[in-house]
Structures are given as structure tokens and as C-alpha cells.
Amino acid sequence: MIKTERILHLKSCRGRKVRVVREHYVRERVPCFSALCQADCDNDGKVLPGDLTHYVVPDVGVVVDYLEILEFRELQGIVFTQTACQAVQHSKGRRQYNRLRNLLKDPRHDCVLFANEFQEYSYCPREKGESQEKWQTRCVYSAAVWYHNHLAGMMDIVMITEDQDAVAQFSSLSSGVYVVSVQDYLSNFWMELHAAHELYNSISQALEEKESEGTEKEYTEHLPSEILEAGIKSGRYIQGVLNVNKHRAQQEALITTQASSNKNTDLSRDVLVYGGKNRNRAVHGDVVVVELLPKSEWRGKVTSLTERQGDEKTGEDEKSKPMPTGYVVGILQRNWRDYVVTFPPREATQSQSRNSQRILAIPWDPRIPKIRISTQQADALQDHRVVVRIDSWESTSLYPNGHSVRVLGRAGELETEIQTILIENFIHVPPFSEAQLKEMPVNSPEKPWKVHPSQVASRRDLRGTHLVFSIDPRGCEDVDDTLSVRTLDGGKLLELGVHIADVTHFVPEGSLTDLEARSRATTYYLADRRYDMLPAVLSADLCSLLGGVDRYAMSVLWELDAHTLEVTKVWYGRTLIRSSYQLHYELAQALLNREDTEVPELAPLSPEEKDAKLAELTQALEMLTHVARHLRAQRDRGGALELEGVEVRAQLDAEKNITALVPRQPLEVHETVAECMIYANHWVARKIQKTFPHQALLRHHPPPRQEFFSQLVDSAKARGFTINTSSNKALADSLDRAVDPEDPLVNRMLRMMATQAMSQALYFSTGAQSQEQYYHYGLALDHYTHFTSPIRRYADMIVHRLLTAAVDLDKGLSPAVALATNKELEETTQHINNKNRAAQRAQKLSIELFQCLYFKERDPQTDPSCVADAAIYAIRDNGVLVFVPQYGVKGPVYLKNRDGEVVTVGQDGRCEWKTGSVKRYSEHISTTCSSGTSTFTLFDHITVRISVQPSRCHADSLNLEIISNKPHKSAESQQPHSQGRSQLVQEVVRQAEEASQQAQERASRGPRLSKEEREFCQSKTPNLYSLLEEIRELALMDVGAAANVCASKTEIIVRF
């Protein structure tokens, strides 16, 4: 090791230049991380392959400005120098630096970090008078030369730079080391990688435009970080996250503060920032610092309806009062991401230079400001959705500058809109790579998968002793849970078993498949497709507990007293099972009801055998139901909540084509299965928390903020009910009592308001929370986790590994793999929580997309399906919010328009617009005009007309217009008899199956599905859109049974 000195020129907090001399140590042996190394370097971790044609060493400027290109997985053998990484940290900030670090950690990318400034022969001291940029370029070139010499010339080295002087100076100095520009490198080595070429052109144009920015200030400069931090500590400034109101994006934004960053005890949790100027270039999601305005300038939030307004979580009385108001003085962390924008028509082009046009692109998310893009394709990309990234937002610019990344397609096309939803929710689901698929076990007709003898020896074999069966939705492929129940000890004991697919046996921790599953965190379910977390060979085959085949499982077995159902013993461990029956919900319920029905697995048996087996299965289902009722009663006594939701399931065939849209009927067997899964999750949570008190993954549901209940409390009061929100038990009891015998929809809507008020259940590491915070408010359990769905949730995979480690410790064995620390686990849980929120938002947006598709081609003036009954659930200044039970739609209904006209009601109940005024009260709203006064009260039923409000740049939305103050004529049928509803569902399924069969016959004679159709699981016919049409027609044929069945939207409920 050799000691040298390193001279740094830094700026003090007062702006003075300071010369700092630091000791610097260099050494001869520094890891090279190459498979071709002949010097026996200590290369732990990722190693660059030796079968490449060359290694790439990017210059500092390339890493700083063109990192997105280096993220392409096609580019292999990249050596990032320590010099370049430090430059990113200092010039681009923590977010970009972390992005580079994650790239280096990711084993899916062939890139390594070389500590060139600590290597004796590659270290270059800075010469006197040498600029920092020239010195950095010289350091990178020296590292490239060292690599070539260190590998004995066995690998060519290509240094890429945007410095043309460096190309001229170094290109011919050393044989085997080539210095070229980024553009030349892409042209010579990656001619077919068109996406990289387009991205390079886009970034280059953005950098050129940035250099030509004006000098006139549009915004005030942000304060230095030292002043911001001091101001936060003193209480003068407040730190928080900027949340822009999507309904009033131009005016209102809230700063959500953390208690630890708020020294002002008199301040409420949120601070209002009014107007774009006061945001001072902050974008939705940024971590900002605000200073409060004088109290005389504080404002209240607007309480009138706006376009696209839906549910809100607060009481309007509070929001109309003046609240703390401030303005942004600095930004601590930018949270810029990929944004989908739409290019405006040609006449809206802002300006045009010699090689490109400067476009103000309009983001799909209305909370994001317009983004200025420089492009040569402005004309070709009109009315297209394009992915862009923000590069900068200087104080001299009204809008941020960015560059385009890729084109999604024309706005309005289904695939374009689906991809927009995914990108806007940070969902990246590329096809599984070849390397990941190579890790998968083989199961084919030629080489069928078999149980390994070592697994038979090490697992508890339940195949001959337990009647195991699954109960899932019809057509389910990823069967990750099965059940068993039997009597023991002459009937004195019951044994309840929950058996979950042993996914972690096939997915070792740290494998490529595991890393991809962690990145996705969940399976994403959209209205017409799903994106799996795991490859299909696991999710739909070897980890799916299908009937009649041997499968590995993780099991929990309880021995219960047959009379009291108290637990006397519990066992956890790995098992070997064979499911005897693969039941769907409707079949299981029919067996419980003692109805005559066919069980497919019993069809080949003789009548005597069939009767015996059927009796055995029915008895098991009845015992299971008996246990589940007891478990539910226990949780009810503790305060478990029953919240409202309407679920619709798209049924798929073997080719992933939609064959039916089946509304989920509320069956007791649903609760039976759910209670068993909740019970397993609860006991596994207790086990892993006891064994690993500081590093177990649990799930808690924090109590909601009381102010979020204001709408529920006020609405119930208007109907004469009292809602007690002091605890979950009090809330559950209040909701049970709030029943209107004349209108069952009232209780349903109150429960929906309670759902809307709920906080979100979250994963956490036990080392990061106190035990008081473990409690699950919705389920009324002191410990809870997710264990029962490892095929579609990565959290469950972590819990399986923890449970396996706990069982091994009980046996005196050490865990096979070191467990994650509390800090590592907490970072993972935050990632999973973010992905779960993204999955829920994407599902909700995809359903809204198909709602609009359903109504888009209909004439709202003549089509009867566009007229529906709606119930008022909230009052606003200029209208009401309503719920349409027939379609599961919520939205605003205006009673006053922009022309000053109000809705007036005639003698027959029909509504028309006349000049007048509107006045809001706590429980109703009145309109007054020359013909009289009309009043609309909470929970009133009105008739609305549904139409689509198109938007070229944003998502389409539904528009609800009142046409009568009386219930819709078919409103009486909105609570159909179960028999009629069942018949309608069966008819829809039957017709859809016939259509699917005909489509398959045509497919056997004609061409197969296209690549896009297979990839996105969307068939041309029948698809979700056509099925909605079939449901509508059937509803018209049987009006009395159709109203609730054809709901086309899932009510997003708290995901417990």
C-alpha cells in the first residue's frame, strides 16, 4: 500500500473556495471482476463473462447523462469506474446515485464497479491547472488501459465518451483500447438496438436545448440544503411530501408532513400550497420544504364538484375552513419517474429549431405539469402516447425539460391505454428471461416431473392419511392453498389442516427468479389479463396444488377439542400432499346445501363408491364450515369488520381467453375458506414473531384517522343512525345496527363509506415497530401476516422462509440461508407495500377503462342501458356524489353548471336546466329558480344518464347526468332474488362457453392467436367488451333479475 496526497477544491457553506489536502492510499491488488483474470484477484460477487467481444468503459459524462442507455440489458461487459460513480453522486444527487448502485447490484446486468482510484497503476493524480472534466476523462482512460494490460490483451476495451477532444487524443495511444463516441459505439456494435438509438437522440436533443435556456427568472431559487436543514430543525420550515389534488391540479396541493419533521405543535398534519407559483417547480411526489404564509393569507380547500371527482377521505366541513398555507422554498428529494404524455396537435407546437421541434407535451396524469420535449418526430407522434423522463427544471423555465424514451402507440387504442396504466403505476413486467426459465424444473410429456426420494424422506407424507381438497374460483389455475379436516381420538379431537404450495423449494433465495419475483412483488390482475409474479411452470403447474397429483406443501395442522374447538396442539412443517378434489365455490356450496350435483373426480366410480366418497367429502365440508363459523364468531367478538365490496371475475380458458364475466355471489363457503386462511396467517405470524422477534415480516392495519369518518358519521346521522368510531368493535356494532328495512342499499353504502375511510394494511419488520403496533384493526387480531398465497405474493415467500427457519431451529438445525436483517427486511416491506398500492391502482384504472369502453359506443339518449338508478351519498357545494349499484359506479352529479343554470324538477319528476341558485345544507341541497325549489337529500334515489366524457390527453371518464329525481323504473329489481341471479349468471356463462367453443373451432381451422393476443391474454372474440354487451342484453331479457349481476366495476376495498 502506498500513501499519496489528494488535493480537493471545495466550497464552504458561505461560498468560499477551500483547498483540502487528504491522505490517499493506493494498492497493487484491486479486484477486476473479470472471468479472464490471470492474476488471481479476489473477485467476490458479480464477474464479467469472458466470452464477450469487448468490455465497455464509459466516461464520466456518459454515466452522468446517458445512464439510461447503459441500463439496456443487451449491453454487456460494462465497467463503471469509481471516478464516474463519484461524479454521479456529486452532480446528480442521491436518487440517481442509488439508481446506479442498484444497477451494479442487479445480477441480471453484466456490469461491475472498478475502484480505479485505489489501484496503484490506474490512479492518476490531478495535474496543476487541469480542469476537473479533463482529469476525470484521463482517469477513466487510464482505467481502460489498465484493464487491457491486466487481462493480458485477451479482451479488447472500448471507452465511450462524448468528449470529441478525448476521442482525438486517446483513440490511437494504446493498441486494444478504443475510444469512440456513444453514437459511433451504438452504430458499430448495436445497429439493431433501435430503442437505444432513439433514446440517445432524445437525450442529446434535451441536453442541447438545456444549454440554450434563457436567463429571465420565472421562479425563485431554491434555498441551499444547509439552510433548509437548519430551518427544519428550528421549526421555521416544514418538511413533507407534495401531493397534488388530481381534481384541482392547477390550484391545490397538500404537503403531507411527518410528526418528526414538524416542530410546530399547533400545526395540523397537512399544509396547503395554493397555485403553481407557490409550488416553485416541485412535482407531485417530491419531498419538499415549505414556509408558512401569515395566517391572514391562509386559505381553505374548495368544496365544489369538479370533473372526474370521486371518493375523498375527509369531511367537507373541515376542508372549507382556512388551513395552514405555505409555499415551497426548497426540494430535498426529487421523485421523478417515467411519465406518459400525449403530443399535442401541430398548431400547438411551441417552437421549432433547425433540427427539432420543442413540444409542450401533456402528461396523462393531470397532477404533472406539461413537459417540454425536443424531438424531430413531432408531426409523426401527434395524438400518440409517449414515455418521457424529466431532465431538469430551471428557475428560468415555466415548464420542466425532458426527453422521450419510447412510443407506446396511438391514444385511445386498448393496448396503448393498458400499457399507459402499467407505466403510470411503476409496473414493469417484461417476459421472463431465458436465464430465469433455465432455473425452472422441467415438466413435459417426454420428461415428467417426479417427487424426489430425498423429499419423501424429509417431509411429512399426508397422501395416504388426509383427505385434502381445494376450493377456488371456477377455472382457477394457480391453486396455492388446500384444506383438510378429520376426526382424531375417537371423535374427541378435530384436526384442521391448511396446506400451501411450497414455492420456496423451487425458488432459492437470491436466484434470478427470486430477484424477479421480489422486483414484481405481486401478481398484477387487470380487468382482462394478469401478469404473474412467477413463471407459468410454477404458478400454473408445479406449485399449483392441482387435483390427483403429488405436490410439495407447507402445512399448518391444528388439533382442536371437538366440543370447544380450542387449540390443543399445532404443527408446522413441510409436507407431501395429493389433493383429492379440486372444487370451485359454487360446487362446494351445492354440496353443503345437499343439492344433487356432479363432482368430476367421482364420475368414473361405481354408484356405491361414488356415494361413499361423496358422503365423506360432504362431511368434511360440513366440519370445515362448523369450525369456520366458530373462528368468525371469535373475531366478531373482538371487533372484526365486515366491509362492502362488489367483485367481478373474468373467467379464462386454457388459452387465457376470457370466456365469462362472472359476478361473485356471496356464498358461505367464501367465508369458510377465508376464515381458514386468516387462521393460518395468524398462527404463522405468532410462530415467526416468537422465533425472530426483531426480523419477522408481519402485516398490520393501523386504526383510521378519526377525521376520515366524518362523512360516514354525518351521512348516517342524516338517516337517524349513530355511528360510533371509537374502536373497531364499536364501529362494527354500529354498522350492524344501521339498517333501513325499506332500503337495503343504505347499509351497503354506509359500509362502503367505512371502507373508504380505512387506512391501508401494510407489511413491516417486527424490529421496526413496537408490539402495540402489530394489531390488525380490520381483522381484530394481535398478530397477522400473509402465508397462504406464495404463488402471487412475494411477502408470503419471505414468510415461508422464516417459518422454515423457525421449524429448523426447533429441530436444533441452523437456517440454511442467513436471514435478512431488520433494516434489510424493512426496506423489502416498503418495496412490497409500494408495489401492492400500484397493483390496486392499476386494477382500478383498468376496470374504469373497460367501463368507458362499455358505454363509449352507446347513444346515451336512446340506449336504455345508459339510464340507471343512483343513490346520493354525499353533498357538495354545486352538486352531489352518487353511487350506481347496477354498474358499481361512483361519481359526481352537477346541480349547477358553469352558465349559472341549476337543475329544476317538474311535476313528473323530470329534470331540466333553468337560471337559478343552489344552497347546500348538511343533509341536503336545494336548487331555486322561477318555477320553485327542488331538494335532494342524502340516500335519495334518482335516475341518471351515463355517458363517456372523452379526453385526448388523459383517461376517459364517465359522466353522470340527472334526468329525474325519482328512482329508475327498474330500481325495485336491484336486489334480485338469488335464484334469478344464479340463472342469469349461468346463462351468461353458458352463452360465453358456446361462443368460446365456436371460436376454438374457428381457430382450429384458421390462424392461431397473434403474439400480442397471447402475450396480453386478450382475445378478439369473445372478450370482456363483448361479454359486457351480452350481459346487458340478458339483463334486458330478464329485467327483474339483472340489475346487480351486470356490475362492471370492482369496488376497491381494504386489502386485508
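The structure under discussion appears in the preceding block.
These figures come from a predicted structure and were not determined experimentally.

What counts and what doesn't
Here the residue numbering is sequential within each chain, running from 1 through the sequence in written order. Given that this is a predicted model, residues contribute local features only at a pLDDT of at least 70 and side-chain atom pairs are listed and counted only at 80 or more, while totals for whole chains, interfaces and linings are drawn from all residues. Note that the side-chain values use all heavy atoms of the structure and ignore hydrogens as well as water. Only buried Ala, Val, Leu, Ile, Met, Phe, Trp, Tyr and Cys residues count toward a nonpolar core, and they belong to the same one when joined by side-chain atoms within 4.5 Å. Three exposure classes are used, based on accessible area relative to the maximum for each residue type with a 1.4 Å probe and protein chains only: buried under 20%, partly exposed in between, and exposed over 50%. In what follows, a contact means two residues having at least one pair of non-hydrogen atoms within 4.5 Å. Two strands are said to pair when DSSP picks up at least two bridges between them. Starting at the N terminus, helices and strands are each numbered in turn, a helix being any DSSP run of H or I of at least four residues and a strand any DSSP run of E of at least two. Only C-alpha atoms enter the line fits that serve as axes; for helices the fit covers just the stretch in contact. Angles between N-to-C directions range over 0 to 180 degrees. The definition of a polar contact used here is a pair of N or O atoms within 3.5 Å, where within protein one atom must be able to donate a hydrogen and the other to accept one, and adjacent residues in sequence count solely through side-chain atom pairs. Angles below 35 degrees are treated as roughly parallel, those above 145 as roughly antiparallel, those between 65 and 115 as roughly perpendicular, and all remaining angles as oblique. Each residue gets one label: Ala, Val, Leu, Ile, Met, Phe, Trp, Tyr, Cys and Pro are nonpolar, Asp, Glu, Lys and Arg are charged, and the others, such as Gly, are polar.

## What to know about the nonpolar core
Right, on to step 1. If you look at the biggest cluster of nonpolar residues, it comprises 87 residues, and the most contacted ones within it are Phe469, Ile471, Trp558, Leu583 and Phe787.
Right, on to step 2. The residues touching Phe787, leaving out its near neighbours within four places in the chain, are Ile500, Met554, Val556, Ala680, Asn681, Val684, Asp796, Val799, His800 and Leu803.
Right, on to step 3. Listed in part, the 65 residues of the second largest apolar core include Val64, Leu104, Ile160 and Val405.

## Regarding the sheet that holds strand β36 (residues 911-920)
Right, on to step 1. Sheet architecture is open: four strands sit in the order β35-β36-β37-β38, paired in antiparallel fashion. The sheet terminates laterally at β35 (901-905) and β38 (932-937), the two strands that pair on one side only. Sheet twist, expressed as the mean angle between neighbouring strand axes with direction ignored, is 50°.
Right, on to step 2. With six bridges connecting them, strand β37 (residues 924-929) and β38 associate as antiparallel partners.

## Observations regarding the environment of Trp336
Right, on to step 1. Inspection of the secondary structure assignment puts Trp336 in the loop between β12 (326-333) and β13 (338-342).
Right, on to step 2. Owing to a relative accessible area of 18%, Trp336 belongs among the buried residues under this scheme.
Right, on to step 3. Counting along the chain gives 241 residues from Trp336 to Arg95, while the straight-line C-alpha distance between them is 9.3 Å.
Right, on to step 4. When sequence neighbours within four positions are dropped, the list of residues in contact with Trp336 reads Arg95, Val283, Asp286, Ile390, Asp391, Ser392 and Trp393.

## Here's the deal with the side chain of Thr725
Right, on to step 1. Counting through the fold element by element, Thr725 comes out in the loop between α20 (710-718) and α21 (728-737).
Right, on to step 2. There is a polar contact of 2.6 Å between the side chain of Thr725 and the side chain of Gln706.
Right, on to step 3. With residues up to four places along the chain from it excluded, the contact list for Thr725 reads Gln706, Phe709, Val713 and Leu731.

## Let's talk about unusual backbone geometry
Right, on to step 1. Phi is positive for Arg281, close to 75°, though the residue is something other than glycine.
Right, on to step 2. Considering the arrangement of structural elements, one finds Arg281 in the loop between α9 (276-279) and β11 (287-292).
Right, on to step 3. Residue Phe426 is not a glycine yet carries a positive backbone phi of 60°.
Right, on to step 4. In this fold, Phe426 is placed in the loop between α11 (414-424) and α12 (434-438).
Right, on to step 5. Look at Phe426 and you get partly exposed, because its relative accessible area is 43%.

## A closer look at the packing of helix α23 (residues 794-810) against helix α24 (residues 822-856)
Right, on to step 1. Two numbers describe how α23 lies on α24: the axes approach to 10 Å, and their chain directions differ by 150°. Taken as axis vectors, α23 and α24 run roughly antiparallel relative to one another. Contact with α23, carried on its side by Tyr794, Ala795 and Ile798, involves Leu825, Thr828 and Ile832 of α24 and no other residues of that element.
Right, on to step 2. Class assignment for the residues of the contact of α23 with α24 results in five nonpolar, one polar and no charged.

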